[in-house]
Amino acid sequence: MKTRVLTAIIALLLFVPIVLLGGIFIQIGAIALGIVAMSEVLIMKKKLVISPEAILSFIGVTLLIAPSNWFNDLPSFLSVNFLFYLVVMLLMLRNVVTKNIFSFDDAGVITIAMLYIGMGFHYFIAARHVGITVLFYALFIVWLTDSGAYIFGKQFGKHKLAPHVSPNKTWEGSICGSLLATIIATAWMYYFSVGHTSLLVAVIVTLVLSIAGQFGDLVESALKRYYQVKDSGKILPGHGGILDRFDSLLFVLPLLHLFGII
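Reading guide: rules and limits
- Residues numbered from 1 in each chain as written.
- Predicted model: local features only at pLDDT ≥ 70, side-chain atom pairs only at ≥ 80, totals over all residues.
- Heavy atoms only, no water.
- Helix = DSSP H or I, 4+ residues; strand = E, 2+ residues; numbered from the N terminus.
- Rg over C-alpha atoms; globule rule 2.2 N^0.38 Å.
- Buried < 20%, exposed > 50% of the residue type's maximum accessible area, 1.4 Å probe, protein only.
- Contact = heavy atoms within 4.5 Å.
- Areas by Shrake-Rupley, 256 points an atom, 1.4 Å probe, with all protein chains shown as cover.
- Lys, Arg positive; Asp, Glu negative; His and termini not counted.
- Charge placed at Lys NZ, Arg CZ, Asp CG, Glu CD.
- Core = buried A, V, L, I, M, F, W, Y, C linked by side-chain atoms within 4.5 Å.
- Axes fitted to C-alpha atoms, helices over the stretch in contact; angles between N-to-C directions.
- Parallel < 35°, antiparallel > 145°, perpendicular 65-115°, else oblique.
- Left-handed = near helix turned anticlockwise from the far one by under 90°.
- Nonpolar A, V, L, I, M, F, W, Y, C, P; charged D, E, K, R; others polar.
- pLDDT = per-residue confidence, 0-100.
- Phe/Tyr/Trp six-rings, centres within 6.5 Å; stacked < 30°, edge-to-face > 60°.
- Lys NZ or Arg CZ within 6 Å of the ring centre and 35° of its normal.
- Expected span 1.5 Å × (residues − 1).
- Salt bridge = Lys/Arg side-chain N within 4 Å of Asp/Glu carboxyl O.

Some points on the overall build of the chain
Item 1. Across its full length, the chain carries 9 helices and 2 strands.
Item 2. Taking 18 Å as the expected radius of gyration for a compact globule of 262 residues, we find that the chain reaches 19 Å, a close match to that expectation.
Item 3. Once the C-alpha set of the chain is aligned to its principal axes, its extents read approximately 55 × 40 × 30 Å.
Item 4. For the chain, with 262 residues in total, the buried portion stands at 46%.
Item 5. Within the chain, counting contacts between residues at least 6 apart in sequence, those at least 24 apart form 71% of the total.
Item 6. Roughly 14,200 Å² of accessible area belongs to the chain as shown, and the carbon and sulfur atoms make up 72% of that amount.
Item 7. Computed over 17 positive and 12 negative side-chain charges, the separation of the two mean positions in the chain equals 7 Å.

Digging into the nonpolar core
Item 1. One finds Ile-117, Phe-121, Phe-124, Tyr-137, Leu-253 and Ile-261 to be the most contacted residues of the largest nonpolar core, which totals 63 residues.
Item 2. If one sorts the elements of this core by residue count, helix α5 (residues 104-130) sits on top with 11 residues.
Item 3. What Phe-121 contacts, discounting residues up to four positions off in sequence, is Ala-30, Leu-33, Gly-34, Ile-65, Ile-242, Phe-246 and Leu-250.

Topic: the packing of helix α2 (residues 23-44) against α5
Item 1. Their axes nearest at 10 Å, the elements α2 and α5 cross at an angle of 160°. In this view, α2 runs roughly antiparallel relative to α5, as classed from their interaxial angle. Judged by the twist between their axes, the crossing of α2 over α5 is right-handed. Contacts from Ile-26, Gln-27, Ala-30, Leu-33, Gly-34, Ala-37, Met-38, Val-41 and Leu-42 of α2 reach α5 at Val-109, Ile-110, Ala-113, Met-114, Ile-117, Phe-121, Phe-124, Ile-125 and Arg-128.
Item 2. Classifying every residue of the contact of α2 with α5 by side-chain character gives 15 nonpolar, 2 polar and 1 charged.

Quick word on the confidence of the model for the chain
Item 1. Model confidence for the chain is summarised by a mean pLDDT of 91, while 99% of its residues fall at 70 or above.
Item 2. Mean pLDDT values over the elements of the chain span from 81, in helix α1 (residues 2-21), up to 96, in helix α3 (residues 52-65).

Observations concerning the side chain of Gln-27
Item 1. Topologically, Gln-27 is positioned in helix α2.
Item 2. In this structure Gln-27 comes out as buried when scored by relative accessible area, which is 15%.
Item 3. Contacts of Gln-27, omitting those with residues within four sequence positions, involve Pro-67, Trp-70 and Ile-125.

Considerations on the packing of aromatic side chains
Item 1. Tallying each qualifying case throughout the model produces 13 aromatic pairs.
Item 2. Where Phe-121 meets Phe-246, the ring centres are 5.4 Å apart and the plane angle is 55°; that geometry is what we call tilted. Here Phe-121, found in helix α5, pairs with Phe-246, found in helix α9 (residues 242-258); they are 125 residues apart in sequence, far enough to count as distant.
Item 3. Residue Phe-121 is classed as buried on the basis of its relative accessible area, which comes to 1%.
Item 4. Geometrically, the ring pair formed by Phe-140 and Trp-188 is edge-to-face, given 4.8 Å between the ring centres and 85° between the ring planes. Remark: Trp-188 occurs in helix α7 (residues 171-191) and Phe-140 occurs in helix α6 (residues 132-156); sequence separation between them is 48 residues.
Item 5. Through pairs of rings, three or more aromatic residues link up here, namely Phe-136, Phe-140, Trp-143, Trp-188, Tyr-191 and Phe-192.
Item 6. One residue, Arg-94, lies across the ring of Phe-102, its end atom 5.9 Å from the ring centre.

Overview of α3
Item 1. Taking 1.5 Å as the rise per residue, α3 with 14 residues should run 20 Å; its terminal C-alpha atoms sit 20 Å apart, in good agreement.
Item 2. Counting buried residues along α3, 10 of its 14 residues qualify, which places the element largely inside the surrounding structure.
Item 3. Restricting attention to buried positions, one finds in α3 the residues Glu-53, Ala-54, Leu-56, Ser-57, Phe-58, Gly-60, Val-61, Leu-63, Leu-64 and Ile-65.
Item 4. Considering only its buried residues, α3 is in contact with α2, α4 (80-97) and α5.

Some details on the pattern of salt bridges
Item 1. Tallying each qualifying case throughout the model produces 7 salt bridges.
Item 2. Note that Arg-94 is salt-bridged to Glu-53, the shortest N-O span being 2.5 Å. Taken together, the residues Arg-94 in helix α4 and Glu-53 in helix α3 connect sequence positions 41 residues apart.
Item 3. Accessibility expressed as a relative area gives 6% for Glu-53, which makes it buried.
Item 4. The shortest N-O distance in the salt bridge between Lys-169 and Asp-217 comes to 3.6 Å. Taken together, the residues Lys-169 in strand β2 (residues 166-170) and Asp-217 in helix α8 (residues 199-227) connect sequence positions 48 residues apart.
Item 5. By relative accessible area, which is 25% here, Lys-169 ends up partly exposed.

Below, the structure written as structure tokens:
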């Protein structure tokens, strides 16, 4: 417990100033988090983090995370999408040169991971660029949903939510967590005019984002279950890896873009 609390304090002391400063600090920070998260996927897949496929995956995830204005000076034919596709092509070519030691399935997993991690952290930067209240709106949804689901689930949980993936989660905890997040985060959203919507729309959007965050948590739990690991990584003692801490947020942030908030 002491290790978990100490890690949380140190992480917050690093994380909060970066969020408050924004700009290049949050851009570099998001890319660093994305590369670490990508390395966690590689390790779960039993791939070396110093290898051609690892380097390609780090390049690919960086291309997706980085703000669009980083590439304004590139020739028009070298769009981010095209550069990312070149990375995927090189991953598939590695299948040929290694004679199936690195397989097409490996390339597929790495490509999905790059998209999942890259787009999630890209919108992390985008949310902060729109405003700190927008980013904290997303963070509050995730934190409140997780905390509420844990507290109420432990007290009142009887019906398992997805025992084949995450045996400790319950329907009671899930519902109460979403209700708690919806009430408090909606008040934040409405007070700070995040998204400039009506109260009814704010409630609906917040509820959908809370549910999406729980799906993100379950997806990462399924990933760990498939690769038979307890945590995605060990970079945060007592808490696991970067994917363990950002799994819900990686689902919530792209939806903020879909809803026109960022």
